[in-house]
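Working through the structure, step by step
Next come the chains, spelled out residue by residue.
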Number of protein chains: 2
Amino acid sequence: MSTDQASERPESSERLVHVPLGERAYDILIGDGLIGRAGGEISTRIKGRKAAIITDENVGALYHGALMDSLEADGFEAVSLTLPAGEKTKSFEHLTKVCDVLLEARIERNDVVIALGGGVIGDLTGFAAGIVRRGVRFVQIPTSLLSQVDSSVGGKTGINARQGKNLVGIFNQPDLVLADTAVLNTLSEREFRAGYAEVAKYGLIDKPEFFDWLERNWREVFAGGAARTQAIALSCQAKADVVVADEREHGRRALLNLGHTFGHALEAATGYDSRRLVHGEGVAIGMVLAHDFSARLNLASPDDAKRVEHHLKEVGLPTRIAEIPGDMPPAEELMKAIAQDKKVKGGQLTFILTRGIGQSFVADDVPSSEVLSFLQDNLPG
Amino acid sequence: MSTDQASERPESSERLVHVPLGERAYDILIGDGLIGRAGGEISTRIKGRKAAIITDENVGALYHGALMDSLEADGFEAVSLTLPAGEKTKSFEHLTKVCDVLLEARIERNDVVIALGGGVIGDLTGFAAGIVRRGVRFVQIPTSLLSQVDSSVGGKTGINARQGKNLVGIFNQPDLVLADTAVLNTLSEREFRAGYAEVAKYGLIDKPEFFDWLERNWREVFAGGAARTQAIALSCQAKADVVVADEREHGRRALLNLGHTFGHALEAATGYDSRRLVHGEGVAIGMVLAHDFSARLNLASPDDAKRVEHHLKEVGLPTRIAEIPGDMPPAEELMKAIAQDKKVKGGQLTFILTRGIGQSFVADDVPSSEVLSFLQDNLPG
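Residues numbered from 1 in each chain as written. Chains lettered and ligands numbered in written order. Predicted model: local features only at pLDDT ≥ 70, side-chain atom pairs only at ≥ 80, totals over all residues. Heavy atoms only, no water.

As annotated in an unreviewed UniProt entry, chain A carries the name 3-dehydroquinate synthase and comes from Agrobacterium vitis. Recorded in UniProt under Catalytic activity (unreviewed entry), the annotation for chain A is "7-phospho-2-dehydro-3-deoxy-D-arabino-heptonate = 3-dehydroquinate + phosphate". (UniProt positions renumbered as here; feature names shortened; annotations may be inferred.)

What about the packing of aromatic side chains?
Using the criterion set out here, one finds 18 aromatic pairs over all chains in the structure. With a centroid separation of 5.8 Å and 45° between ring planes, the pair formed by Phe262 of chain A and Phe374 of chain A is classed as tilted. Note that Phe262 of chain A is positioned in helix α9 (residues 260-269) and Phe374 of chain A in helix α13 (residues 368-378), a separation of 112 residues in sequence. Seen from their ring centres, Tyr196 of chain B and Phe222 of chain B are 5.1 Å apart, and the 55° between their planes marks the pair as tilted. Of this pair, Tyr196 of chain B sits in helix α6 (residues 189-206) while Phe222 of chain B sits in helix α7 (residues 208-223), and the two are 26 residues apart along the sequence. Feature note: the residues Phe192, Tyr196, Trp218 and Phe222 of chain A constitute an aromatic cluster, connected by ring pairs. For the cation-ring pair, Arg49 of chain B lies above Phe76 of chain B, with the distance from its terminal atom to the ring centre recorded as 4.6 Å. The ring centre of Phe361 of chain B lies 3.9 Å from the NZ or CZ of Arg355 of chain B, which sits over that ring. (Phe/Tyr/Trp six-rings, centres within 6.5 Å; stacked < 30°, edge-to-face > 60°. Helix = DSSP H or I, 4+ residues; strand = E, 2+ residues; numbered from the N terminus. Lys NZ or Arg CZ within 6 Å of the ring centre and 35° of its normal.)

Considerations on the relation of the copies chain B and chain A
Rotating chain B by 180° about the axis while translating it 0.0 Å along that axis superimposes it on chain A, leaving an RMSD of 0.0 Å. When the rotation and shift are considered jointly, the pair of chain copies conforms to a two-fold rotation axis. Ranked by how close their C-alpha atoms come to the rotation axis, the residues of chain B are headed by Phe92 of chain B, at 4.1 Å. Mapped onto chain A, 100% of the interface residues of chain B are again interface residues, and the two copies thus contact each other with one and the same surface. (Least-squares fit on C-alpha atoms with pLDDT ≥ 70 in both. Contact = heavy atoms within 4.5 Å.)

Some details on the domain arrangement of chain A
All names here are of chain A. Looking at the assigned domains, one finds that chain A contains domain 1 (15-184) and domain 2 (190-378). Taking only C-alpha atoms, the centre of domain 1 and the centre of domain 2 are 27 Å apart. Counting residues at the interface gives 23 residues for domain 1, matched by 26 residues for domain 2. Each partner contributes to the roughly 2,300 Å² buried at the junction of domain 1 and domain 2, and carbon and sulfur atoms together form 66% of this total. When the buried area of domain 1 at its contact with domain 2 is split by residue, Leu145, Val149 and Phe171 rank highest and sum to 26% of it. If you look at where domain 1 meets domain 2, you find one salt bridge. Run the count over domain 1 and domain 2 and you get six residue pairs in polar contact (both at pLDDT 80 or more). (Domains from an automatic or database assignment. Buried area = accessible area lost by both parts, 1.4 Å probe. Salt bridge = Lys/Arg side-chain N within 4 Å of Asp/Glu carboxyl O. Polar contact = N/O pair within 3.5 Å; in protein donor to acceptor, adjacent residues only side chain to side chain.)

Let's talk about unusual backbone geometry
Phi at Arg134 of chain A takes a positive value of approximately 55°, unusual for a residue other than glycine. Counting through the fold element by element, Arg134 of chain A comes out in the loop between α4 (119-131) and β7 (137-142). Among the residues examined, Arg134 of chain A registers a relative accessible area of 17% and is labelled buried. Phi is positive for Tyr272 of chain B, which is not a glycine, with a value near 50°. As for its placement among the helices and strands, Tyr272 of chain B is situated in the loop between α9 (260-269) and α10 (279-296). (Buried < 20%, exposed > 50% of the residue type's maximum accessible area, 1.4 Å probe, protein only.)

A look at the pairing of strand β6 (residues 112-117) of chain B
Residues in a regular strand project their side chains so that they alternate between the two faces of the sheet. Residues and elements named next belong to chain B. Of all six residues that make up β6, six are buried, and the element is covered over most of its length. Of the two faces of β6, the one carrying Val112, Ile114 and Leu116 and the one carrying Val113, Ala115 and Gly117 are both buried. Sheet topology places strand β4 (residues 50-56) next to β6; five bridges connect them, and they run parallel. Looking at the pairing, Ala51 lines up with Val112 of β6. Note: β6 against strand β7 (residues 137-142), six bridges, orientation parallel. (Pairing = 2+ DSSP bridges.)

Following this line, the structure appears as structure tokens:
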């Protein structure tokens, strides 16, 4: 690929993506073995010498020891809290618990809270770090591909409420993100693929040359090494470009929802049962549907939709609703979920559509009747 | 007074203070009967037409009906939540409850949450409004003198934790503050006087001409009418000037703590028992002590300290530790409370001291041994 926006670091195989958000600017380091060097990377950027590690049972069992060793070797006095793994941890109850642990450890404004885990731990911990003493330092160590390329950029933190996911939270940019590519070797194939759907998304939004590159190099990305590091760095850079242009999500940032309107509706339809569908799989199907739907509206060529489907299928992702195990509700039910996700104004929806690979745009006048009939044609049986 | 910084409004007796915080700029309206006109003032500034009123049992009984009527007359669809009065309401439990009510009412980003009450309701509601959907519109209707001149400016919101007060929260500027001076007529003398201590504080920080004016006009301020409105407007303006210079409290904003280091220690020593001491009374004694201490360090004239004491005593505020009913702990115990409030570095404390009326400054090199011996000399018995 010609455009290598993410800069190389002295350690040949590492990348650094700078997220230029003024006072809230920060670095994302991407490389092999960063957890073992976390203490040094954090201590050069943060004044305080107290640290708190928030992790979950699964991730903690694998990486907590190495992180603690590195922090202590660099003079940090660290405490830890290990929470249950899973989406239910994003609750008021656990938020209260995290805040209590941070206050009990006397974490002050210049001390650091470290999220060691996937999106759930990152979202919960980032929220707690932003409200304890009205904000203490916050470092993310994302341990899934999805969280490395998605939740490590953008500053969205929060918890779930009984009314829905992510309904309570704040924008809180981290002070540093350490994306250790070595931890991805312990992910299941399915989990890695699900994260890959978000990688491909950045190409489809507005980086056609990145999508080209992924079509040619995805096997190397899955295998690990330099290509994987490069794909993560370019994904972070792509998301950072969008977020910097629209930090508080008033406009352009909506493009990051490419594939997500259909995807969220499918996730809801499966009752968020990860045995049937995980987020990235929903996004993969949703992206194929968004390209198909754009072709049906004569906005894009059907060839582009086929190209997207071919690539996602090639890496092993589901691309059709029929691939989701179990029964699906009728199209009318899916429309209800879409209408809850998006606001319907005068029968019209806001949707991310596309004019082709890497040419997505925000359309705020999509007739919901068109979406409904499209869904009817795409449901199996 | 010569410097009338707060602009007059068309309605002769009203004042408007603009707080120029860029994207977060907002207006404070101060005047008689604003609750009855709240719907109109809010609807010209906020797009949404859903509203949620958060209040407490005492304030709600007096003003909820008038506020609801005004909102409905201006086309708002409003829900209400009435919480127990008192400091204990600033808890995670009540925060969860407020968020639940806002989400259940489907309050969206452009809809409005209204805090109708004193500092407790304002702090809790402002926090909830800042985290539901990562921020919805927020209007404060402060109903005590203290909250009108203090918590309505500055954007500090939050709740208490078992480790201490206000330890969890965010900076969240309101979209509008309506300070209805008519509600102050229902405050007890003691509560009004306690709020007045913060009014006097603004003169003592850096507005000597305002302190002069208060010495001459305090009876009119207590009686109500134009002088009271003027005193509130100038207090809001004075605080706004400090906050605008230092929104996130990195430097100059510390001046707002004049009298508060001693005051907080005295409040803690009474176990926050409001029958013995309320916040404003602690601040009054604290301000006299801060001026005395500055004189003892040869920074200010003892005459200035006497003038401060004379004025606060004249309005009926306590000015000496001996006036607090019940036993006080020894000076060493008070020092511990001060050391918890402030950081002690190498035996030195950061303290707000003064060179005279309206000439306060941040001193970061006050020997704690000096503070201890000063306290020993000021404790009764």
